[in-house]
Amino acid sequence: MDGFSAPLLAALEDYAASGMVPMHMPGHKRNEALLGDALPWRLDVTEVEGFDNLHGAEGLLKAAMERAARLYGGKRSFFLVNGSTCGLLAAIRALTGRGDRILVARGCHRSVYHAMELNGLRPVYLMPPVDGASGVAGGIEPASVAAALAVHPDIRLCALTSPTYEGVVSDIRAIADILHARGVALLVDEAHGAHFLSPRFPESAVRLGADCVVHSLHKTLPSLTQTALLHVLTDRVDAQEIARQLSIFETSSPSYPLMASIDRCVGLMAKRGEELLAAFRARTDRFRARVRPMERLRVLEKADVFYALDPGKITLVTRGSSTSGYQLMDELRARGFELEMATPGYALALATLADGEDALDRLAGALLEIDRGLLAAPAEPIALPGPPRVELTIDAALALPGETVAVERAVGRIAQEYAWVYPPGAPLIAPGERVGEELPGWIARLRARTSSGQPGTLRVVTC
């Protein structure tokens, strides 16, 4: 293989070479003569003898998930082949009852909002501070968690995203201690922090007191798209109920190539993780040193509103220069670099341990060239939407009669649909919230330059 353990992939390779005639699904029958070898047809099996069942694992897959739990240090880990989305849906459904109150970071992924909708949950939102120099939202402050619990002692669960899309990490240890003192469980969407396996990176929520953590392996580690893990860490979480909810939200026909990708990634990190992450951190440090002379652009560094930052996320701040995040993304694309995302004030490049040795060096060179052609410019004030006015639960709002109106006419009305900022998948407004005066302007700006699909209309509850 590659000098590390990947038993599931090895078993699939052996089975493909065995000559067994497939008189079962999937319909492609592993026929490479018909279909070619560009896709892994020969490894794509179903739950045949010896290959276990993801939703009742007792053999090969059980052992693979136990390897993942050992790597991260959890009590039990579950393979996810519908991305972190299905893990978040399952965890929230397992940890709350219908109508419970939930403490939620406003920047959580859309799947958290969908879970609230499905379970009729009553949200209390945590609004992060914003770094005025960059426009990047900071981490969730422990004091805001304590304040919310004081006002709403019936909160059942807290769901946070750490790190955020831009790599901002919250003080999970302090937050967990505050929640647990009140008997409240903590679910951390650490989708962007699956590589937090080395002291060279922020410490994982898995080891900081969280009760349940979700990791998207495919985001920051070498694993195929849609692959993720859900970790159960404490006795506050019923692992059997998690498994039951996963059987609802995760496909009953899981892809064996995807699961083999998870197992292969786990094996690689168990065998060579420290070595690979050390080299990765060295490349990001070298990159930051090279671009430090830039005069107009800058790379986001730790500020007061950031408890910690993931060095693998390279946020290129354009505020105060004659370019925007969108324009910088376009300019870098023309030079052969496709970034992760852009906003008016910054663009985001995602580095991982799988980058080519010179990829960040080349990016640094391109940025230095671009920077030399930029001028200083006034930075526009940052006016992010304030805390939402929640009038109804999401499910209650969706159950009422509604109408679609121009966004400008929606001000003061109760929303009956989401307006998403995607990426990262957080809402400007959610069903059940009163539409504020700033929303039309935000949607107009997004429509002007993003692919987020923001409409010029909004569905609202009929008066």
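The sections below set out a description of the structure shown in this document. (Residues numbered from 1 in each chain as written. Predicted model: local features only at pLDDT ≥ 70, side-chain atom pairs only at ≥ 80, totals over all residues. Heavy atoms only, no water.)

**Observations concerning the pattern of salt bridges**
Turning to step 1, where the next piece is worked out: Counted by the stated rule, this structure contains 26 salt bridges.
Turning to step 2, where the next piece is worked out: For the salt bridge of Lys 75 with Asp 235, the shortest nitrogen-to-oxygen distance reads 2.3 Å. Of this pair, Lys 75 sits in the loop between α3 (60–72) and β1 (76–80) while Asp 235 sits in the loop between β8 (228–232) and α9 (239–249); the two residues are 160 residues apart in sequence, bridging distant segments of the chain. Of the two residues, Lys 75 and Asp 235, both sit in the exposed class.
Turning to step 3, where the next piece is worked out: Arg 200 is the partner of Glu 274 in a salt bridge, and the nearest nitrogen-oxygen pair spans 2.0 Å. With a gap of 74 residues between them, Glu 274 in helix α10 (residues 256–291) and Arg 200 in the loop between β6 (185–189) and β7 (212–215) connect regions that are remote in the sequence.
Turning to step 4, where the next piece is worked out: Since its relative accessible area comes to 38%, Glu 274 is described here as partly exposed. (Salt bridge = Lys/Arg side-chain N within 4 Å of Asp/Glu carboxyl O. Helix = DSSP H or I, 4+ residues; strand = E, 2+ residues; numbered from the N terminus. Buried < 20%, exposed > 50% of the residue type's maximum accessible area, 1.4 Å probe, protein only.)

**Quick look at the sheet that holds strand β12 (residues 341–342)**
Turning to step 1, where the next piece is worked out: The antiparallel open sheet is built from four strands, whose spatial order is β9-β11-β13-β12. Looking at which strands have only one partner, the edges of the open sheet turn out to be β9 (298–299) and β12.
Turning to step 2, where the next piece is worked out: As judged from the two bridges shared by β9 and strand β11 (residues 313–317), these two strands associate in the antiparallel manner. By the bridge assignment for β11, Val 299 is matched with Leu 316. (Pairing = 2+ DSSP bridges.)

**Here's the deal with the state of the cysteines**
Turning to step 1, where the next piece is worked out: Here the structure, examined in full by the defined rule, presents zero disulfides.
Turning to step 2, where the next piece is worked out: You can see Cys 86 has no disulfide; the closest cysteine sulfur is in Cys 212, sitting 12 Å from it.
Turning to step 3, where the next piece is worked out: According to the relative accessible area criterion, Cys 86 is buried, its value standing at 2%.
Turning to step 4, where the next piece is worked out: The cysteine Cys 108 is free of any disulfide, with Cys 158 supplying the nearest cysteine sulfur at 8.1 Å.
Turning to step 5, where the next piece is worked out: Given the relative accessible area of 0%, Cys 108 is considered buried. (Disulfide = S-S within 2.5 Å.)

**Structural notes on the packing of aromatic side chains**
Turning to step 1, where the next piece is worked out: Using the criterion set out here, one finds five aromatic pairs in the structure.
Turning to step 2, where the next piece is worked out: On the basis of an interplanar angle of 90° and a centroid distance of 6.0 Å, the ring pair of Phe 51 and Tyr 256 is categorised as edge-to-face. In this pair, Phe 51 is assigned in the loop between α2 (32–35) and α3 and Tyr 256 in helix α10, connecting sequence segments 205 residues apart. Side by side, Phe 51 and Tyr 256 carry an identical accessibility label, which is buried.
Turning to step 3, where the next piece is worked out: Ring geometry for Tyr 113 versus Tyr 125: centroids 6.0 Å apart, planes at 20°, classification stacked. Linking Tyr 113 in helix α5 (residues 110–119) with Tyr 125 in strand β3 (residues 122–126), this pair joins segments that are twelve residues apart in sequence.
Turning to step 4, where the next piece is worked out: By relative accessible area, which is 0% here, Tyr 113 ends up buried.
Turning to step 5, where the next piece is worked out: Feature note: the residues Tyr 15, Phe 51 and Tyr 256 constitute an aromatic cluster, connected by ring pairs.
Turning to step 6, where the next piece is worked out: When the ring centre of Tyr 125 is taken as origin, the NZ or CZ atom of Arg 106, which lies over that ring, is 4.6 Å away. (Phe/Tyr/Trp six-rings, centres within 6.5 Å; stacked < 30°, edge-to-face > 60°. Lys NZ or Arg CZ within 6 Å of the ring centre and 35° of its normal.)

**Overview of the pairing of β11**
Turning to step 1, where the next piece is worked out: Within β11, five of the five residues are buried, which leaves it mostly tucked inside the rest of the structure.
Turning to step 2, where the next piece is worked out: In β11, alternate side chains face the same way, and those of Lys 313, Thr 315 and Val 317 on one face and Ile 314 and Leu 316 on the other are all buried.
Turning to step 3, where the next piece is worked out: Bridge analysis of β11 against strand β13 (residues 346–350) gives five bridges, and the strand direction is antiparallel. Looking at the pairing, Val 317 lines up with Tyr 346 of β13.

**Brief notes about helix α11 (residues 325–334)**
Turning to step 1, where the next piece is worked out: What α11 keeps buried is the set Gly 325, Tyr 326, Leu 328, Met 329 and Leu 332. Relative to the axis of α11, the buried residues are bounded by an arc of 165° and lie together on one face.
Turning to step 2, where the next piece is worked out: Just downstream of α11, Gly 336 is the residue with a positive phi angle, here 100°. (Arc of directions from axis to C-beta.)

**Considering the nonpolar core**
Turning to step 1, where the next piece is worked out: Among the nonpolar cores identified, the biggest contains 63 residues, and Phe 79, Phe 287, Leu 332 and Leu 367 are the most heavily contacted of them.
Turning to step 2, where the next piece is worked out: Every element with two or more residues in this core is listed here: α1 (7–16), α3, α10, β11, α11, β13 and α12 (359–372).
Turning to step 3, where the next piece is worked out: The dominant element in this core, judged by the number of residues it contributes, is α10, at 14 residues.
Turning to step 4, where the next piece is worked out: If we skip the residues at most four places from it in the chain, Phe 79 touches Leu 54, Ala 64, Met 65, Ala 68, Ala 228, Leu 229, Glu 250, Met 259, Ile 262 and Asp 263. (Core = buried A, V, L, I, M, F, W, Y, C linked by side-chain atoms within 4.5 Å. Contact = heavy atoms within 4.5 Å.)

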